[in-house]
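# Remarks on the overall topology
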Amino acid sequence: MSKFSSSDLAKQLLITILATVISILLTFGVSHLITKSREAEERRQVSMMVIHDIDQTINTIREILKTEESGWEQARYVLDHKDNIGSISRDTLISFINYLIPNILNPDLRFDRSNESIFNSSQDSWNTLDDMTFIKNVQKCYDLRSMLIDQMTEWVYFKKPLTDEETYKIVMASDALFDEGSFYKLCSEKLSDIRTKIYIDYVEMRKYLYNYVLDKCIELNESNKFLMNITDKDLKEFEEKNIKHVHKATAKEVIGNWTALTSENYTMDIYFAEDHTFKCNLSNSLSGSVFYGKLIQKFDISGKWEVKKDSLYFIPNADSLKFYVDQSNISYKEEMADSVKSIVNEFSSDEIKNQIKDQLSFAHNVAYATNMDVSGKKLELSRKKASFHLVRK
């Protein structure tokens, strides 16, 4: 029978204690590493959320600048040719009047401040982002954006030549938008208004402020990207994963029947066949003051499609166009029959049909970037400023 000496017992006890200590150290060590890794990932996610938000602000300011410059060019042209206003196209004059009207609704020119509110009100955001330089840069960007919004609302250089009351009278208490003579008279009056000239002349004051905020936000946000080691590729992946939850569509995923998410007055159904042909049916509802109900313009178009890399290419066949006006949903008084006939003829004229065919020919082999949601039931197609969303039928 073997016996343990006191030294053997001490050795065994020491080994047990060491094993326990090592186990505890490993457990806490691994736990500490996991916690640190989780904190780093949370910090990176919050950083990208804020950086993406400021990038959206930068894009909005760029769009505002483009709109400002485009409006100014149209207004300057009209002002330079005011002595021969009859030679100016109606579309140009409409752009001129829109440039003078306050509060034109354009979602692309609005700032989304929801993430700023979340960032400022959440203590977790501040605790997660332990880099004070980053936090100060973010706050500076938000302060600049707030200042710009205030100045666009209050600063005299941003005040439109037409007041809200004058705009209301033009739209609701006159026929200036419908009668050509009245419309040209309105344009002539506004061209003679000193407020119009001054507003046009002050364009550089407005552009100066836009560009100042734009440059500062770009500088601060790019600095933050370096601080957090975040690339444009990282931001794109973040947007698709956390904001859009999308992926690029494959040809197999595109096949099937789709309908566009649009307003009630406009519909679009499209079928992508396995043989890479498509059929598209569009309708546009039109209201009028001389009839009840709605006229419906209908368009049928076919062609070919294909997916290359991350883009969907449409190759429409202009000769396939079928175009007509459906009158079955309208009624009218007998004395309005001639007026209704004139409207129907206008909306179904060969001129409009030829314009559509020209656009189809111009749109030959046009590419749309694709985004497919995780369910495979929603598809986004985008190209420059144009985009539309389809849902699988």
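No experiment lies behind these values; they were computed from the predicted model shown.

Across its full length, the chain carries 13 helices and 12 strands. Among the 393 residues that make up the chain, the fraction classed as buried is 33%. In the chain, once contacts between residues fewer than 6 apart in sequence are set aside, the share between residues at least 24 apart is 68%.

Examined against the element boundaries, Asp53 turns out to sit in helix α1 (residues 6–80). Overall, Asp53 belongs to the buried group, its relative accessible area being 4%. Contact partners of Asp53, with chain neighbours within four places excluded, come to Asp112, Asn115, Glu116, Tyr142 and Arg145.

In a regular helix each residue adds 1.5 Å, so 23 residues correspond to 33 Å; helix α5 (residues 132–154) covers 32 Å between its end C-alpha atoms and thus fits that length. Residues of α5 that are buried include every one of Phe134, Ile135, Asn137, Val138, Cys141, Tyr142, Leu144, Arg145, Leu148 and Ile149, and no others.

A separate point is the packing of helix α8 (residues 194–201) against helix α9 (residues 203–227). At a closest axis distance of 4 Å, the pairing of α8 and α9 adopts a crossing angle of 40°. One way to sum up the angle between α8 and α9 is to call them oblique. Along its contact with α8, which presents Tyr199, Ile200 and Asp201, the element α9 presents Val203, Glu204 and Arg206.

Ile54, Ile61, Leu148, Tyr210 and Val213 are the most contacted members of the largest nonpolar core, which has 28 residues in total. At the level of secondary structure, the elements contributing two or more residues to this core comprise α1, α5, α9 and α10 (232–244). With nine residues, α1 is the largest single contributor of residues to this core. What Ile54 contacts, discounting residues up to four positions off in sequence, is Val138, Cys141, Tyr142, Cys217 and Asn221. In this structure, Val254, Phe272, Phe299 and Leu360 belong to the second largest nonpolar core, which totals 26 residues.

This paragraph deals with the side chain of Asp326. Among the secondary structure elements, Asp326 is positioned in strand β8 (residues 322–326). The buried category is assigned to Asp326, whose relative accessible area is 18%. Of the polar contacts made by the side chain of Asp326, one reaches the side chain of Ser328; its length is 2.7 Å. Every residue in contact with Asp326, bar those within four places of it in the chain, is listed here: Lys294, Leu295, Ile296 and Lys298.

Attention shifts here to the packing of aromatic side chains. According to the stated counting rule, one finds 12 aromatic pairs in the structure shown. Here Phe272 and Phe314 contribute two aromatic rings whose centre-to-centre distance is 5.8 Å and whose plane-to-plane angle is 50°, an arrangement assigned as tilted. With Phe272 in strand β3 (residues 266–272) and Phe314 in strand β7 (residues 311–316), this residue pair connects regions lying 42 residues apart in the sequence. You can call Phe314 buried: its relative accessible area is 11%. The structure contains a cluster of three or more aromatic residues connected by ring pairs, namely Trp155, Tyr157, Phe158, Tyr202 and Tyr210. In this structure, Lys160 is placed above the aromatic ring of Tyr99, and the distance from its NZ or CZ to the ring centre is 5.1 Å.

Below, the discussion takes up the pattern of salt bridges. Going through the model one piece at a time under the given rule, you end up with 17 salt bridges. Where Lys225 meets Asp55, a salt bridge forms, and the shortest distance between an N and an O atom there is 3.3 Å. Here the residue Lys225 occupies a position in helix α9, and Asp55 occupies one in helix α1, the gap between them amounting to 170 residues. Side by side, Lys225 and Asp55 carry an identical accessibility label, which is buried. Arg206 serves as the salt-bridge partner of Glu68, at 3.1 Å between the closest nitrogen and oxygen. Here Glu68 is found in helix α1, whereas its partner Arg206 is found in helix α9, with 138 residues between them in sequence. One salt-bridge network, held together by shared partners, links Asp55, Glu222, Lys225 and Asp232.

The rules we used
Residues numbered from 1 in each chain as written. Predicted model: local features only at pLDDT ≥ 70, side-chain atom pairs only at ≥ 80, totals over all residues. Heavy atoms only, no water. Helix = DSSP H or I, 4+ residues; strand = E, 2+ residues; numbered from the N terminus. Buried < 20%, exposed > 50% of the residue type's maximum accessible area, 1.4 Å probe, protein only. Contact = heavy atoms within 4.5 Å. Expected span 1.5 Å × (residues − 1). Axes fitted to C-alpha atoms, helices over the stretch in contact; angles between N-to-C directions. Parallel < 35°, antiparallel > 145°, perpendicular 65-115°, else oblique. Core = buried A, V, L, I, M, F, W, Y, C linked by side-chain atoms within 4.5 Å. Polar contact = N/O pair within 3.5 Å; in protein donor to acceptor, adjacent residues only side chain to side chain. Phe/Tyr/Trp six-rings, centres within 6.5 Å; stacked < 30°, edge-to-face > 60°. Lys NZ or Arg CZ within 6 Å of the ring centre and 35° of its normal. Salt bridge = Lys/Arg side-chain N within 4 Å of Asp/Glu carboxyl O.

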